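# Descriptive structure summary
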Amino acid sequence: MIPALLWSVFVFGLDALRVTLIAVVACLAFEFVIQKYLMKIKPMITDGSALVTGILLAFNVPANIPWWIIVIGALASIGIGKLSFGGLGSNIFNPALVGRVFLLISFPVQMTSWPVNNRSGIDAVTSATPLGIIKEGISNGTPISEISKSLPSTVEMLFGEIGGSIGEISAILLILGGLYMLFTKVITWHIPVSIIVSVGLVAGAFWLVNPEVYINPVYHLFTGGLMLGAIFMATDMVSSPMNPKGQMIYGVGIGLITISIRLFGAYPEGISFAILIMNAFTPLINTYIKPKRFGGK
Amino acid sequence: MLKTFKIGGVHPPENKLSAGKKIEILPIPKTVFIPVAQHIGSPSTAVVNKGDVVKTGQIIAKSSGFVSTNIHSSVSGKVKKIDLSPDSSGYPKQGIFIDVEGDEWMEEINRSSDLVKEFNLDGPQIVQKIQEAGIVGMGGATFPTHVKLVPPKGMKAEILLINGVECEPYLTSDHQLMLEKADEILVGTQLLMKAMNVEKAAIGIENNKTNAIQLLTDKAKSYKGISVVPLKVKYPQGGEKQLIKAVTGREVPSGGLPIAVGAVVDNVGTAFAVYEAIQKNKPLFERVVTVTGKEVKKPSNFKVRIGTATSELIEAVGGLPENTGKIISGGPMMGRAITSPDIPVTKGTSGILIMPETEAKRKTYMECIRCSRCVSVCPMGLEPFLLMTLGQKQIFDRAENEKVMDCIECGSCSYTCPSNRPLLDYIRFGKAKVGAIIRTRKK
């Protein structure tokens, strides 16, 4: 996640760093206070999980968000998302996403005004995300060929010269981070690949049928936090299934729900909801989808 | 691409400190304690009494059923007593104490080291001699060898696999035996093939023992039907089912025996014992034992008489290091910590591992973070995290449905767990309980 964070600081200025630090400190503090005084157990903040939750939460919000909103998000993440279920290992939902969705529903305006490139020295300009632009355009009846003119190019999307949350903008750095985690065996390929492939296939099919209403699948893959969600959020060990077959079902489920929300739902982006919905299915998947047994049929 | 098994597996640091160390003969101790139960199956019945004079190689306990075997004296001398004393399980077991006097062998044993290749016994005769010589699986499982050679009704053996994998870290006894006794192992393999009436045998060796692979491949050319299969280094490839999968591609069905896919697996040590029993008339009363550990002065491979106390072996490698935390009988993955240095070497003792305190201590364990590494390394395709919980919570019917009985207790799950959870301990507990439930159900 470090490369994506550094890029974000570069693009959004020190605001990104400020938000990330606030989120991390708030998550660690809530974890410590709740474990020590409410749950009366030995605080486990050294295990690093609250740190990761903090970074992921920051990655999911705009860089210009007020500090108190992040703190509320951290409380939702750690308090509701994680510790109310019993702490690390027992939480059903990805804590950072619980925080994010909590904020998205509670503070829709602050959560969706995105600053763009801040390097020119002038004050940050807010703009919609690419998927937001498309969604709005389509609902106004504008054909895609018209909307495309106001969209960033593929290269801009790859490198993150677009509007969006802190951690979602640079697809290529997120992919690099993902490859690093694959290489060091922190994650396996099953979840990210099945999400990306299923989103790509469905988006591609719609685009082929009617390119005037449905945008090129490349936009779906490189924007809207898809890479962030697929690589860093859906792969959260605690809330994802425990064997490759189950993980692929989970991944395809996330992919299909994401694309359904994007194409037919009210929100332009949908992966946070999709992951939370499939988190809820994880225990079911674990119960019914078993790894291939040695010597079994 | 080297062959290997497909599901799971880990690669712990090999630490083969005693590799290449010639097999030395350990001096005969002053007394030995020979347990009457050194194998899987019913314990043998002692046939000597206090005060009897015995010779090296003489039967001192007789087989008490089909799945049982004979036990021979490893020394000459006088029976001191027949009494209880702990073996490597830690529990007191019945055994025969002998005070050593000289080293007088039974007359019929051929003590020369010349290679004898020819034999003219038929299959059943070989099986009978193996049974009489008290040979058991020497890789550690100690299942009586003659039982495996006679397939149950309706099943037929097609291939013999000789296990030279030695996938446990630290251990080198099989490796060294292959280097020093290659021809003997090959003749033993032929004897086993004849006993089972099969035309094909394969010796599986992991690729970290290239000199043994080279040597046996060369020598095997002059033995009909025997091939050597180099294998990728991966624990637990020495597990019977994993080895069969790696070499033949066949998968022993859940709950089944290797013979269900036409295979029988024997250790290289067993093949060597078979050679000695048949070509030299020498029953099983000594074996090769690796004595090793990071702090040990002189890690070594010894030929040891059965019944020798562990303390004698430790003396021979320069004494117990000061910071010793644990003494393990077997390898670090599947071996058991022994409770006293008096515990004797038995037919299944492949090594004595002396672990420093820093490594022997269990780390404090934390919550399961559901990372599923245990699932991905389980060579049997099980879900260790779930089996552990089911064991802890004593939900045995579900543990049975989740195939707890398929667990081969290789410990890959505990080894790989980032939260240091004692997975195997609880799985073993669940397995023992479920096993008991299944047995009562059958009655």
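Every chain's residues receive numbers from 1 upward, in the order its sequence appears when written. By the order in which they are written, chains take letters starting at A while ligands take numbers starting at 1. Residues qualify for local features only when their pLDDT is at least 70, as the model is predicted, and side-chain atom pairs are given and counted only at 80 or more; totals for whole chains, interfaces and linings, by contrast, use all residues.

Take helix α13 (residues 226-233) of chain A next. Here exposure depends only on C-beta density: within 10 Å of a residue's C-beta, 20 or more other C-beta atoms make it buried, 12 or fewer make it exposed, and intermediate numbers make it partly exposed, the C-beta atoms being placed from the backbone. A run of H or I in DSSP becomes a helix once it reaches four residues, and a run of E becomes a strand once it reaches two; helices and strands are each numbered from the N terminus. In terms of burial, α13(A) is a largely internal element, eight of the eight residues being buried. If you follow the buried residues of α13(A), they end up packed against α3 (49-59), α5 (95-106), α10 (171-183), α11 (190-209), α12 (217-222) and α15 (271-288) of chain A. Any two residues are considered in contact once their C-beta atoms, placed from the backbone, lie within 7 Å.

Each nonpolar core comprises buried Ala, Val, Leu, Ile, Met, Phe, Trp, Tyr and Cys residues, the members being joined through C-beta atoms within 7 Å. Judged by nonpolar contacts, the single largest core of 124 residues is most densely connected at B:Leu160, B:Leu161, B:Val274 and B:Leu313. Leaving out residues up to four positions away in the same chain, B:Leu313 has contacts with B:Leu26, B:Val289, B:Val291, B:Phe302, B:Val304, B:Thr308 and B:Ile352. A:Phe59, A:Met111, A:Ile215 and A:Ile285 belong to the second largest nonpolar core, which has 67 residues in total.

Attention now goes to the sheet that holds strand β6 (residues 71-72) of chain B. All names here are of chain B. Here three strands make up an open sheet; going across it, the order is β3-β5-β6 and the pairing antiparallel. Whereas interior strands pair on both sides, the edge strands pair on one side only; in this sheet they are β3 (45-46) and β6. Bridge count between β3 and strand β5 (residues 59-62): two bridges; the pairing is antiparallel. Within β5, the position partnered with Ala 46 by the bridge is Ala 61. Strand pairing is defined by DSSP finding a minimum of two bridges between the two strands.

Residues and elements named next belong to chain B. Buried residues dominate strand β12 (residues 263-267), accounting for five of its five residues. Side-chain alternation along β12 places Ala 263, Val 265 and Asn 267 on one buried face and Val 264 and Asp 266 on a second face that is also buried. Pairing analysis gives five bridges linking strand β9 (residues 159-164) to β12, with the strands arranged parallel. Looking at the pairing, Ile 159 lines up with Ala 263 of β12.

Residue and element names in this part refer to chain A. At a minimum axis separation of 7 Å, helix α4 (residues 67-82) and α5 run at an interaxial angle of 130°. On the basis of their axis angle, the class for α4 and α5 is oblique. Judged by the sense of rotation from one axis to the other, the crossing of α4 with α5 is right-handed. Residue-level inspection shows Ile 69, Ile 72, Gly 73, Ala 74, Ala 76, Ser 77, Ile 78, Ile 80, Gly 81 and Lys 82 of α4 in contact with α5, the latter providing Pro 95, Ala 96, Val 98, Gly 99, Arg 100, Phe 102 and Leu 103. When residues are sorted by character, Ala, Val, Leu, Ile, Met, Phe, Trp, Tyr, Cys and Pro go into the nonpolar class, Asp, Glu, Lys and Arg into the charged class, and all the rest, Gly among them, into the polar class. Across the contact of α4 with α5, the residue classes tally to eleven nonpolar, four polar and two charged. Axis definition: a line fitted to C-alpha atoms, limited for helices to the stretch in contact. Angles are taken between N-to-C directions and run from 0 to 180 degrees. Roughly parallel means an angle under 35 degrees; roughly antiparallel means over 145; roughly perpendicular covers 65 to 115; every other angle is labelled oblique. Take the far helix as your reference; a near helix turned counterclockwise from it by less than a right angle gives a left-handed crossing, and one turned clockwise gives a right-handed crossing.

Our next topic: the interface of chain A and chain B. How big an interface is tends to be expressed through the accessible area that disappears when the partners come together. Contacts between the two partners involve 13 residues from chain A, matched on the other side by 21 residues from chain B. In terms of residue class, the side of chain A that touches chain B is made up of six nonpolar, five polar and two charged.

Residue and element names in this part refer to chain B. Here Tyr 235 and Pro 236 are connected by a cis peptide whose omega angle stands at -5°. Along the chain, Pro 236 turns up in the loop between β11 (226-231) and α6 (240-248). Residues other than glycine seldom take positive phi values, yet Thr 142 does so here, at roughly 55°. Tracing the backbone shows Thr 142 in the loop between α1 (123-132) and α2 (145-149). C-beta crowding within 10 Å serves as the criterion here: with 20 such atoms nearby, Thr 142 is assigned to the buried category. For Glu 409, which is not glycine, the phi torsion reads 60° and is therefore positive.

Residues and elements named next belong to chain B. Pairing is mixed in the open sheet, where six strands are placed in the order β1-β14-β13-β17-β15-β16. Only two strands of the sheet have a single neighbouring strand rather than two, namely β1 (23-25) and β16 (336-337). Across two bridges, strand β15 (residues 324-329) lies against β16 in antiparallel orientation. Looking across to β16, one finds that Ile 328 is bridged to Ala 337. Strand contacts of helix α3 (residues 173-180): β1, β13 (286-292), β14 (300-305) and β17 (351-356), with the helix running at about 125° to β13, the strand carrying the most contacts.

The subject of this paragraph is the confidence of the model for chain B. As a per-residue quantity, pLDDT reports the predictor's confidence and falls between 0 and 100. Taken as a whole, chain B shows an average pLDDT of 93; of its residues, 100% reach a score of 70 or greater. As a predicted assembly, this complex carries a pTM of 0.87 together with an ipTM value of 0.81.

The next thing to look at is the domain arrangement of chain B. Just so you know, the domain bounds were taken from an automatic or database domain assignment. Here the domain parsing of chain B yields domain 1 (23-101 + 283-359), domain 2 (123-279) and domain 3 (373-442). A straight line from the C-alpha centre of domain 1 of chain B to that of domain 3 of chain B covers 30 Å.

Our next topic: the packing of α11(A) against α13(A). Residues and elements named next belong to chain A. Contact geometry of α11 with α13 gives a least axis separation of 8 Å together with a crossing angle of 155°. Taken together, α11 and α13 sit at an angle that is classed as roughly antiparallel. In the packing of α11 onto α13, the handedness of the crossing is right-handed. Along the contact surface, α11 presents Pro 192, Ile 195, Ile 196 and Val 199, while α13 presents Leu 226, Ala 230 and Ile 231.

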